[in-house]
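# Chains, contacts and geometry: an overview
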Amino acid sequence: MQKKRDHLGFLSSLFAIFVGLLVGMVILLVSNPAQAFQGFFTILTGPVTHGLKGVGQVFYYATPIIMTGLSVGFAFKTGLFNIGAAGQFIIGAFAAIVVGIHGKALGSAQWIVALLAATIAGFLWGAIPGIFKACFNVNEVIACIMTNYIGMYLVNYLVSTNASLYDKIRNYSKDVAKTANIPGMGLDKLFEGSSINGGFLIALIAVAIIYVVLQKTTFGYELKAAGFNKDASKYAGMNEKRNIIVSMAIAGALSGLGGAMLYLAGSGKHIVIQDVLAAEGMNGISVALLGLSHPIGVLFAGLFIAYITAGGFYLQLLDFPTEIIDIITAVIIYFSAFSLFVRVFLLNLQKKRELTQKANEKTKEGGTAE
Amino acid sequence: MNTLYMVIQQAMFFTIPLLLVALGGMFSERSGIINIALEGIMIMGAFTGILFIHLTTGKLSGQLQLILAIVISVSTGIVFSLLHAFASINLKADQTISGTALNMFAPAFAIFVARRITGTQQIQFTNTFRIASVPVLGDIPVIGNMFFQNTYITTYLGFIILIVSIVVLFYTRFGLRLRSCGEHPQAADSVGINVYHMQYAGVIISGALAGLGGLVFVVPTSTNFNASVAGYGFLALAVLIFGQWHPVKIFGASVFFGLMKTIAATYSAIPVLSTSGIPSYVYKMVPYLATLAVLMFTSKNSQAPKAEGIPYDKGAR
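Scope of this entry: the structure provided in the associated data block. Please read all numbers here as calculations on a predicted model, not as lab measurements. (Residues numbered from 1 in each chain as written. Chains lettered and ligands numbered in written order. Predicted model: local features only at pLDDT ≥ 70, side-chain atom pairs only at ≥ 80, totals over all residues. Heavy atoms only, no water.)

## Notes on the overall build of chain B
In terms of regular secondary structure, chain B is built from 13 helices and 4 strands. Over its C-alpha atoms chain B spans a radius of gyration of 20 Å, differing by no more than 12% from the 20 Å that the globule rule assigns to 317 residues. If you line up chain B on its principal axes, its C-alpha atoms span 60 × 45 × 40 Å. Burial statistics for chain B: of 317 residues in total, 57% are counted as buried. When contacts within chain B are restricted to residue pairs at least 6 apart in sequence, long-range pairs at least 24 apart make up 77% of them. Counting 16 positive and 8 negative side-chain charges, chain B places the averaged centre of each group 4 Å from the other. (Helix = DSSP H or I, 4+ residues; strand = E, 2+ residues; numbered from the N terminus. Rg over C-alpha atoms; globule rule 2.2 N^0.38 Å. Buried < 20%, exposed > 50% of the residue type's maximum accessible area, 1.4 Å probe, protein only. Contact = heavy atoms within 4.5 Å. Lys, Arg positive; Asp, Glu negative; His and termini not counted. Charge placed at Lys NZ, Arg CZ, Asp CG, Glu CD.)

Right, here's the structure in full:
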C-alpha cells in the first residue's frame, strides 16, 4: 500500500511539472509567438547543449537549493513547515563568511571550519521557532517569517558595520580567503569551465544522512511520530517538545550549511547588503514540495529546478526575461499544493478501473457457469 | 515642530497600507482561511495599478487617474486571490503552500510583463496625486499640519475602510456569520450558513484590500515600481497577529509598525535620532522582534480564529 501511495505521489508531482511547463509555454506564446517554441526548447535543453560545462552549472545551481529543500522537506516530515529557510540560509552564510575572512590561520582546514560554523549558526537560528512552538505554542510559520526578516536585517547590520567584513564601494561582503573556498574535489576538472565544486558531494552526503536518519533510526522515527500526531507520541512516552525543537534546529542546520555552500563556492558570490530575503530559502520550499519531502525526491527535484533555471539563463539569448522560470516554478508549487486532490482523483480512477475489471471478470465467470 | 509634522505625514504613508492589508488578512483569517499570499496580492495590485498610471500618463492625471488605478488594483487583487480561494476552499489544499505559490508567482509575473511592455523591469510613473493642503482643514493649526497637508486621498480611504471594517465585522449579520465560520464552521453549517460562500467572501475581501494596499504603499513612497512591496505583506501579517485579529488593535499595531518604518527610513533627518547612534537596522528589526514577543506572551489566550488553516470538510466529525 505504501508503495502504491508513493507511486501516486510521484505521478502528482509529474502532473504539477507538466501543468507548470504548459503554463510557461502559453505565456511564451502570448508574449512572443515567433520565438515561443525556440524559447521553450531552450528551457528544456539549454544546459545539455552546452556540454559538460552546462551540466556542471546545473549541479552548481542545485547545491544550495538541495540543502534548503532538504531542510524544508525534513521539517515537513516531522510535521513542521519551515518557511524560515531564507533566514537560516543567510545566518549560515554570514558565519561562513566570518570564518572565511578572519580564519586564515586555519590554513587548509579553513573551509571545513567555515562549513561547521555555518551549520552551527543555522542550527541555533532554526531552534528559535522550534522553541517558540514547543514552549509557547506559537505557530512555526509565523515565527519563521519573523526570524527570516530579523536574520536578514541582522546580517545586513553586522556586515555593513564591520569594516573588516564590508566592501563599502561595492556594498557587499569582502572576498573570503582562497583556502576558505570549498575545494573542487575533482568535479571542477570533470566539468571544466563551470562553477561546480565539492559542495555538491557534501550535499549528496547530507541527502544520504537525512535519508538514513529518517528511515532507519529510532531518533528519526520519534521525530516523524511527533509530526504525525503530537499527542500520541507524547502518550507513547516521547519527549515531544524536545523533538519539535530538535527538528527545527536540524532543518536550520541544513539551510545554514546550504548558505555556506553558496558563498564559499569560489564563484564570486558575496552577501549583498539589500533588504531582500535569500531566494534560495523560498526555492527550498518548491524543491521540498516537488520532491514530496523525501530526501531522494528532494535531490531530483533540486536538480530539476536547477536544470530549468540554467535553461532559463540561456533564454536571455532570445528576447525573453528569465523570470519565466520563476513563473513556471510558482505554477508547479501551486499545483503540487493540491497534490492531495490529484492523488485522491487518481486513487478513485484506479479503484474504478479495478471495480470494472472485477465486474467484467464476474460477468465472464457468470458466462462460463451457464 | 516641522520635523514632527514630517514624521507624522511620512508615518501615514507607511501606516495606511499596513492597516489596509492587515484588515484584509483579518477578514480572510476570521473566515478560517490563512492568507499568507498577502505579499503576492499586494505586488499584483500595485503592478496593475501602477502600469495603468504609467500607460495613461498624459491622457489622465490627478485624482481621477488615482481613483481609476484604485479600481484596477482592487479588481486585480480580487481576481488573484480567487486562485488562493479555489485551491484552499474547493480543493482543500494546504493554505500555506498555496499562498507561498502565489507569493512566488507575483513578482516573477510582474517583472516578466513589465519587461515585455516597457523594456525594463521598473515601471516609472508621475505622481500627480499629492494634495499639498486639504482646503479649509489644512489651515487648522497643528492638526491641519499633521493630517491634512502633504497627503493623499488614499489616507482618508484607509480610515473609512477601518470604520467600515469594524461595523461590518461586529455589527452586521454578515460579520457574525464570517466570524462563526472561522471559529466553528460545523456549528455555522448546522444553522444553515454556507461555509464555502463565507470563506470565499473572506478571501475576496482580503484580496481587494491587499491589492489596494499594494498601490497605496507604492504611490506615496516611490516614483517607480520594481515588482516589490518590500516585505510589506509579511509585515501586515505581523500587524494582524500583533493586533490580535481585532480591527481597532490592528490600527494601533499598524501605527506602531508604521512609525518604526518611518524612523528607519528618515532617521538621518531627525536630529535626536541621528546623533543617538542607534543604527537604522534596529528600527527595521523592532516590528518583527515585537511581534515575536507578543506571540510569546499571548499564546496562552491567543485570539486567533480557532478553525483557521483547517480546510472545512462537511463530513468531518
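Alright, that's what it looks like, and here's the rest.
## A look at the interface of chain B and chain A
Where interface size is given, it is often the accessible area lost as the parts come together that is meant. Across the contact, 41 residues belong to chain B and 47 residues belong to chain A. On the chain B side of the interface with chain A, the three residues burying the most area are B:M104, B:F112 and B:Y281, jointly 18% of the side's total. Across the contact surface, chain B and chain A share 2 salt bridges. The closest approach of N and O atoms between A:E323 and B:R115, which form a salt bridge, is 3.7 Å. Taken together, chain B and chain A are joined by 3 residue pairs in polar contact (both at pLDDT 80 or more). Contributing elements (two or more residues each) for the side of chain B that touches chain A: helix 3 (62-90), helix 4 (95-118), helix 10 (232-242) and helix 13 (280-298) of chain B. If you tally residues by element for the side of chain B that touches chain A, the top one is helix 4 of chain B, at 14 residues. For the side of chain B that touches chain A, a count of residues per class yields 27 nonpolar, 7 polar and 7 charged. (Buried area = accessible area lost by both parts, 1.4 Å probe. Salt bridge = Lys/Arg side-chain N within 4 Å of Asp/Glu carboxyl O. Polar contact = N/O pair within 3.5 Å; in protein donor to acceptor, adjacent residues only side chain to side chain. Nonpolar A, V, L, I, M, F, W, Y, C, P; charged D, E, K, R; others polar.)

## A few points about a nonpolar patch on the surface
A contiguous nonpolar surface patch, about 470 Å² in accessible area, is contributed by A:I112, A:L116, A:I120, A:F123 and A:L124. With respect to the helices and strands, A:I120 occurs in helix 5 (residues 110-136). (Patch = residues over 30% accessible without salt bridge, like charges linked within 9 Å, V, L, I, M, F, W, Y side chains within 5 Å. Areas by Shrake-Rupley, 256 points an atom, 1.4 Å probe, with all protein chains shown as cover.)

## Points about the packing of aromatic side chains
Evaluated as defined, the whole model comprises 22 aromatic pairs over all chains. When the centroid spacing of 6.2 Å and the interplanar angle of 35 degrees are considered together, the rings of A:Y153 and B:Y288 count as tilted. Residue A:Y153 is located in helix 6 (residues 140-160), and its partner B:Y288 is located in helix 13; the two belong to separate chains. Comparing A:Y153 with B:Y288 shows no difference in burial state: the two are buried. Centre to centre, the rings of A:Y334 and A:F335 are 5.6 Å apart; their planes meet at 85 degrees, and the pair counts as edge-to-face. (Phe/Tyr/Trp six-rings, centres within 6.5 Å; stacked < 30°, edge-to-face > 60°.)

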